[in-house]
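Secondary and tertiary structure notes
Read off the chains here:
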Amino acid sequence: MLDFLRGIAIVLGFDGLGWGLHRVGVPIPGGVLGLLAFYLALSVGLIKLEWVERASSFLLRHMVLLFVPLTVGLMNMGQLLQRQALAILASLVVSVVAVFLTTGLMGRWLLPPQPVLPGLPLDEEKAGKA
Amino acid sequence: MSAAQWIGNPVFSVAFTIASYAAALKLHQRSRWVPPIVAACIPIVALLLLARVPYAVYNRGGNLLTWWLGPATVALGMPMYRHGIALRASLPRLVLIVMSGSVVGMTTAGLTAWAFGAPRAVVMSAVPKSVTTPIAIEVSRELGGIPPITIAMVIMAGVLGASFGTALLRLVGVREDRAIGAAMGTASHGIGTASLVRRSELQATVSSWAMAAAGVFTSLVAAILALFLR
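This structure is a prediction, so every number in the text was calculated from the model and none was measured.

**Observations concerning the packing of helix 9 (residues 133–143) of chain B against helix 12 (residues 201–229) of chain B**
All names here are of chain B.
- It is the contact of helix 9 with helix 12, at a shortest axis distance of 9 Å, that shows an interaxial angle of 5 degrees. Here helix 9 is positioned roughly parallel relative to helix 12, judged by the angle of their axes. Contacts from I135, V139 and L143 in helix 9 reach G215, V216, S219, A222, L225, A226 and L229 in helix 12.

What follows is the structure, given as structure tokens:
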């Protein structure tokens, strides 16, 4: 439990850091700045993966709960949604197809099928988390 | 005591929201096709309409949950780091792929909405629709979009990709696991990633890395875009 709280505290600290950086004028959302700082801190070993693993997984697993209140706000937007339904749907379909084609075809070009590399830490990586 | 007083108390509205979410998860376990976010909102909207309580009153407590989206964004750095280690050999190429996909996603979404005559706020709401919700909300705010519309589009982009994405990729001859994962994570974030988990471990790993990376790239591009809009 203490372990979990330490993870939450670290994540909150980085969110605060991101907020601060955004406030002093970095034009990127605070949460994303916090994410980048957090990623950097993990990469250079300033914080250890096992300190933050449980807390981060918990926040990510229940992310849907966190955007329920904003989604409920759609109840006030019936008119706007109705008027813009066509534009919204067209934008969605065109853009989703475009992203799949760009990334998929670039992937086909840049990532040719390869034999399985021995010793890739994929399996052990995932085993603990599933 | 009036309904508005009850619902205006965060103790009540937060508890009710958590209960609706828990029920939605249960329902999702039984009927896979019901997205938890949709099921979780229905009891809340129903309560507000029946009790004739405005959304703003409910949102006094709702805001407390929304506030945690910041920490949840930061938490995305953890899988990004962990999967980044596993994928390090192909990381530079994956960065290029996800970055291109993000730029294409933003421009096609914005331009199509604009071409269909949507007002500027709706166009800006469409721009971040491919990325994971907490980042999409922040980007939408920065660009002058409407966060709830962005959320609706994010969810639909996720469901579309999860339902038809792999079939579309097969149609154009994309079969490699990393390519499938990169496309899914870039176009359809967490909902798309979840649809790969039972298919292939490598696809899901690349997809969850790509979803975090696409969020970062999209907010970087949006920051540049926002400078030009001012």
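**Remarks on the packing of aromatic side chains**
Residues and elements named next belong to chain B.
- Scanning the entire structure with this criterion turns up 7 aromatic pairs over all chains.
- Considering the side-chain rings of Y55 and Y58, the 6.2 Å spacing of their centres and the 40 degrees angle between planes classify their relative orientation as tilted. Placement of the pair is Y55 and Y58 together in helix 4 (residues 55–67), with a separation of 3 residues, close to one helical turn. Residue Y55 shares its accessibility class with Y58, and that shared class is buried.
- Members of the aromatic cluster, each reached through a chain of ring pairs, are W6, F12 and F16.

**Some words on the layout of surface pockets**
- Its boundaries defined by the atoms lining it, the largest pocket holds a volume of some 2,000 Å³.
- In terms of lining residues, the largest pocket is bounded by 50 residues, among which R61 of chain A together with G190, T193, A194 and V197 of chain B are the most central.
- If you list the elements that add at least two residues to the lining of the largest pocket, you get helix 3 (49–61) and helix 4 (63–66) of chain A together with helix 2 (10–30), helix 3 (36–50), helix 6 (77–86), helix 10 (147–171), helix 11 (177–196) and helix 12 of chain B.
- Classifying every residue of the lining of the largest pocket by side-chain character gives 27 nonpolar, 14 polar and 9 charged.
- Lining the lining of the largest pocket are residues from two domains, each supplying at least three of them: domain 1 (3–67) and domain 2 (75–229) of chain B.

**Observations regarding the environment of V32 of chain A**
- Within the secondary structure, V32 of chain A is located in helix 2 (residues 30–43).
- Under the relative-accessibility criterion, V32 of chain A is labelled buried at 0%.
- Remark: the alpha-carbon pair of V32 of chain A and H22 of chain A, spanning 10 residues in sequence, is separated by 9.6 Å.
- Apart from residues lying up to four places away in sequence, V32 of chain A is in contact with T73, I135, E138, V216 and S219 of chain B.

Cut-off values and rules
- Residues numbered from 1 in each chain as written.
- Chains lettered and ligands numbered in written order.
- Predicted model: local features only at pLDDT ≥ 70, side-chain atom pairs only at ≥ 80, totals over all residues.
- Heavy atoms only, no water.
- Axes fitted to C-alpha atoms, helices over the stretch in contact; angles between N-to-C directions.
- Helix = DSSP H or I, 4+ residues; strand = E, 2+ residues; numbered from the N terminus.
- Parallel < 35°, antiparallel > 145°, perpendicular 65-115°, else oblique.
- Contact = heavy atoms within 4.5 Å.
- Phe/Tyr/Trp six-rings, centres within 6.5 Å; stacked < 30°, edge-to-face > 60°.
- Buried < 20%, exposed > 50% of the residue type's maximum accessible area, 1.4 Å probe, protein only.
- 1 Å grid on protein atoms, 1.4 Å probe; cavity = no way out; pocket = protein on both sides within 12 Å on 5 of 7 lines; lining within 4 Å.
- Points joined across faces, edges and corners; volume = space filled by probe spheres on them.
- Nonpolar A, V, L, I, M, F, W, Y, C, P; charged D, E, K, R; others polar.
- Domains from an automatic or database assignment.

That is the geometry; function is a separate question.
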